[in-house]
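Architecture at a glance
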Amino acid sequence: MSQQTFDSYEEFWPYYVAMHSRAATRWVHLTGTLTGLALTAYGLARGRKRYALALPLIGYGTAWPAHFLIEKNNPATFGNPAWSLRGDAQMIRMMLAGRDAELAATAAEWLAENR
């Protein structure tokens, strides 16, 4: 799938979700991001500023391989880093709220319209 261009985050969001169409990819993202956040918070609370590196290292270090190995696509971060970070936060909030099925439906709809 070629690199997409978008005029707004609202236009980008369904594409972002579609790049995470498989539940396993979404769960790897959630696990990596929350683990990175937890280690970062722990380190900062203990006065160890280098632990702040845990979030990007663990977050991206788990998410990017999931794209290559599970989704067989490139991470949306490569073309839209700021919107991807916002999308990751929104996707994780929805998953924690029990709305993973809604994400799957959004992904399926975008893929059906854009393949």
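This is a predicted model, so every value here is computed, not measured.

**Things to note about the packing of helix H1 (residues 9-18) against helix H4 (residues 81-96)**
Working note: a packed helix pair is described by the angle between its axes plus the distance between those axes. For the pair H1 and H4, interaxial distance at closest approach is 10 Å and the crossing angle is 65°. Viewed along their axes, H1 and H4 form a crossing whose handedness is right-handed. Along its contact with H1, which presents Tyr9, Glu10, Phe12, Trp13 and Tyr16, the element H4 presents Trp83, Ser84, Arg86, Gly87, Asp88, Gln90, Met91 and Met94. Looking at the contact of H1 with H4 residue by residue, the class counts come to seven nonpolar, three polar and three charged.

**Regarding the UniProt feature "transmembrane region" (unreviewed entry) in the protein**
When the UniProt feature table is mapped onto this chain, "transmembrane region" (unreviewed entry) is found at residues 27-45. Helix makes up 100% of residues 27-45 and strand 0%, with an end-to-end C-alpha separation of 27 Å.

**Here we look at the nonpolar core**
Residues Phe12, Trp13, Tyr15, Tyr16, Met91, Leu103 and Trp110 are the most contacted members of the largest nonpolar core, which totals 19 residues. Elements supplying a minimum of two residues to this core: H1, H4 and helix H5 (100-114). Ranked by residue count, the leading element in this core is H1, at seven residues. Those residues in contact with Tyr16 that lie beyond four places of it in its chain are His29, Ala76, Ser84, Gly87, Asp88 and Met91.

**A few points about the side chain of His29**
Along the chain, His29 falls in helix H2 (residues 23-45). Its relative accessible area of 6% is what places His29 among the buried residues. At 3.1 Å, the side chain of His29 forms a polar contact with the side chain of His20. In contact with His29, other than residues within four places in its own chain, are Tyr16, His20, Ala63, His67, Asp88, Met91 and Ile92.

**Re the confidence of the model for the protein**
Of the residues in the protein, 97% reach a pLDDT of 70 or more, and the chain-wide mean stands at 93. Mean pLDDT values for the elements of the protein range from 93 in helix H3 (residues 54-71) up to 97 in H5.

**Concerning the packing of H2 against H4**
Interhelical geometry of H2 versus H4 gives an angle of 100° and a closest axis separation of 10 Å. On the basis of their axis angle, the class for H2 and H4 is roughly perpendicular. Every residue of H4 that contacts H2 at Arg26, Trp27, His29, Leu30, Thr33 and Leu34 is listed here: Asp88, Met91, Ile92, Met95 and Leu96. Tallied by class, the residues present in the contact of H2 with H4 amount to seven nonpolar, two polar and two charged.

**Some details on unusual backbone geometry**
Generally, phi is negative for residues other than glycine and the peptide bonds are trans, each holding for most cases. Residues other than glycine seldom take positive phi values, yet Lys72 does so here, at roughly 65°. In this fold, Lys72 is placed in the loop between H3 and H4.

**Some words on a nonpolar patch on the surface**
On the surface, a nonpolar cluster with roughly 270 Å² of combined accessible area is contributed by Leu34, Leu37 and Leu96. Looking at where Leu37 falls in the secondary structure, it is placed in helix H2. Under the relative-accessibility criterion, Leu37 is labelled partly exposed at 41%.

Here is what the cut-offs are and how they apply
- Residues numbered from 1 in each chain as written.
- Predicted model: local features only at pLDDT ≥ 70, side-chain atom pairs only at ≥ 80, totals over all residues.
- Heavy atoms only, no water.
- Axes fitted to C-alpha atoms, helices over the stretch in contact; angles between N-to-C directions.
- Helix = DSSP H or I, 4+ residues; strand = E, 2+ residues; numbered from the N terminus.
- Left-handed = near helix turned anticlockwise from the far one by under 90°.
- Contact = heavy atoms within 4.5 Å.
- Nonpolar A, V, L, I, M, F, W, Y, C, P; charged D, E, K, R; others polar.
- UniProt positions renumbered as here; feature names shortened; annotations may be inferred.
- Core = buried A, V, L, I, M, F, W, Y, C linked by side-chain atoms within 4.5 Å.
- Buried < 20%, exposed > 50% of the residue type's maximum accessible area, 1.4 Å probe, protein only.
- Polar contact = N/O pair within 3.5 Å; in protein donor to acceptor, adjacent residues only side chain to side chain.
- pLDDT = per-residue confidence, 0-100.
- Parallel < 35°, antiparallel > 145°, perpendicular 65-115°, else oblique.
- Patch = residues over 30% accessible without salt bridge, like charges linked within 9 Å, V, L, I, M, F, W, Y side chains within 5 Å.
- Areas by Shrake-Rupley, 256 points an atom, 1.4 Å probe, with all protein chains shown as cover.
- Salt bridge = Lys/Arg side-chain N within 4 Å of Asp/Glu carboxyl O.

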